[in-house]
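# A look at the structure
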Amino acid sequence: MALSKEILQAFDVSLICLSVVIVLLNSAVIVLVILNKSIRSFTNGFVVSLALSDILTGGLFFPIAIGDGSFVGLPYINCICLLLGVGNVCCVTYDRYMSISSPLTYATDIRKRFKLLVAVCWSVPILFALIPVIWSADGTTLAHKVYIYVLEICGVVIPFIFIFSVYCYIFRQVRKCNQKLAMDLIDVETSRKRRKSLFSEAKVARVFITVSVLFLLSWIPILYITTMINIGREDLFPKWLLLVGFYALALGSMANPIIYCFLKPDFKALVNRLLFRKVRRAFRASFNTRTATANVVLASSNNSYDNTKL
């Protein structure tokens, strides 16, 4: 079923609006990390990297995709956005794995590996996305069909098996440590501190497993469409599914900064503190204004009373 011109125009306008929101929200996350030392950490460094990839999706991919999609570089940008997102989610997953598996050496290890991980996370997707240039990205060639399958298996399936396996390991380790600490009555204070640390790690892990699941779900429609095109069965997906795929990508990129600010403990504490500060300043300004007004009225009343006495 062909989509009407009105529907396509409404789709373009709504996608432009979503693109602006994506760029603003993810930019806000980056600004929060840069301007506030309290949340500057290697984990949030990966969060900034993921936010940059979301900005690339909202600020570059969607504006180019709007219209007839005839721009020759669109498939490359699409691949880069997908692989950048997967790479950043893998990096933050590896970061959480190190913090649980080797907490004593985590700070030293992540300091040594952070720059390398970020460099690999950005360089490999770009290089891999440019491989189809060799055969001019001709979708009818055998090389391109094999490339699509390799992309989906090595760029999506295997990384997410790794991601979910790591988070299963993390939650299992947290549960085991909690059980062990519950039976350890020798040093109650140390046990309490360790349990608090594990609880914090579990909360952060829940945030990033949520981000991982949403990322995968947001890309499923596009991956399905790509697979059907690759096997020559365009008849197996309706035309409106492509619109759903774009909306899913937009909502996925828009949800990440919201998840950080409402679920990640350090972001949540900072946002609450900033909001409370603004509310307190507004209340103080309002109170000062009312006080000044009351003083003026009181002074005016006193002057009137003095004039009456004279």
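Residues numbered from 1 in each chain as written. Predicted model: local features only at pLDDT ≥ 70, side-chain atom pairs only at ≥ 80, totals over all residues. Heavy atoms only, no water.

Our focus in this paragraph is the overall build of the protein chain. For the protein chain, the count of helices and strands is eight helices and zero strands. Each helix and strand of the protein chain, ordered N terminal to C terminal, gives the series α-α-α-α-α-α-α-α. The proportion of buried residues among the 310 residues of the protein chain is 38%. Considering only contacts within the protein chain whose residues lie at least 6 apart along the sequence, 75% involve residues at least 24 apart. A total accessible area of about 17700 Å² is found for the protein chain, and carbon and sulfur atoms account for 70% of it. (Helix = DSSP H or I, 4+ residues; strand = E, 2+ residues; numbered from the N terminus. Buried < 20%, exposed > 50% of the residue type's maximum accessible area, 1.4 Å probe, protein only. Contact = heavy atoms within 4.5 Å. Areas by Shrake-Rupley, 256 points an atom, 1.4 Å probe, with all protein chains shown as cover.)

A word on the packing of aromatic side chains. Taken as a whole and judged by the stated rule, the model has 15 aromatic pairs. Measuring from centroid to centroid gives 6.5 Å for F208 and Y260, while their planes differ by 55°, and the two rings are tilted. Here Y260 lies in helix α7 (residues 240–263) and F208 lies in helix α6 (residues 188–230), a separation of 52 residues in the sequence. Centre to centre, the rings of Y260 and F267 are 6.0 Å apart; their planes meet at 35°, and the pair counts as tilted. We note that Y260, like F267, is buried. An aromatic cluster of at least three residues, connected via ring pairs, comprises F11, F61, F62, F246 and Y247. (Phe/Tyr/Trp six-rings, centres within 6.5 Å; stacked < 30°, edge-to-face > 60°.)

Turning next to a nonpolar patch on the surface. On the surface, Y149, I153, V157, I158, I161 and I231 cluster together to form a nonpolar patch covering roughly 530 Å² of accessible area. Counting through the fold element by element, I231 comes out in the loop between α6 and α7. Relative accessible area serves as the criterion here: at 40%, I231 is assigned to the partly exposed category. (Patch = residues over 30% accessible without salt bridge, like charges linked within 9 Å, V, L, I, M, F, W, Y side chains within 5 Å. Salt bridge = Lys/Arg side-chain N within 4 Å of Asp/Glu carboxyl O.)

Moving on, we come to the pattern of salt bridges. Enumeration according to the criterion identifies three salt bridges in this entry. Taking the shortest distance from any N to any O, the salt bridge between D95 and R96 comes out at 2.9 Å. Exposure class is identical for D95 and R96. Each is buried.

Before going further, it helps to examine the nonpolar core. Within the largest apolar cluster, 73 residues are counted, with the highest numbers of intra-cluster contacts made by F61, F62, L82, Y167, W219, Y260 and F267. Elements with a minimum of two residues in this core: α1 (5–35), α2 (42–65), α3 (74–101), α4 (106–129), α5 (142–183), α6, α7 and α8 (265–309). Broken down by element, the residue count for this core peaks at 15 residues, all from α3. Setting aside anything within four residues of it in sequence, one finds F267 in contact with V29, L32, V33, I39, N44, V47, Y260 and C261. (Core = buried A, V, L, I, M, F, W, Y, C linked by side-chain atoms within 4.5 Å.)

When pLDDT is averaged across the protein chain, the result is 84; 82% of the residues are at 70 or more. Across the protein chain, element-level confidence peaks in α4 with a mean pLDDT of 94 and bottoms out in α8 with 65. (pLDDT = per-residue confidence, 0-100.)

A complete count under the given rule lists one cavity of 30 Å³ or more for this structure. Size it by volume and the largest cavity reaches roughly 80 Å³. S53, D54, T57, C81, G85, F215, S218, W219, L249, G252, S253 and N256 are the residues that line the largest cavity. Of all the secondary structure elements, the ones that give two or more residues to the lining of the largest cavity are α2, α3, α6 and α7. Of the residues forming the lining of the largest cavity, the biggest block, four residues, is contributed by α7. Across the lining of the largest cavity, the residue classes tally to four nonpolar, seven polar and one charged. (1 Å grid on protein atoms, 1.4 Å probe; cavity = no way out; pocket = protein on both sides within 12 Å on 5 of 7 lines; lining within 4 Å. Points joined across faces, edges and corners; volume = space filled by probe spheres on them. Nonpolar A, V, L, I, M, F, W, Y, C, P; charged D, E, K, R; others polar.)

Looking now at the UniProt feature "transmembrane region" (unreviewed entry) in the protein chain. Under the feature "transmembrane region" (unreviewed entry), the UniProt entry names residues 13–35, 47–66, 72–94, 114–135, 147–170, 204–225 and 240–263. What you have in residues 72–94 is 91% helix and 0% strand, and the ends, taken at the C-alpha atoms, are 35 Å apart. (UniProt positions renumbered as here; feature names shortened; annotations may be inferred.)

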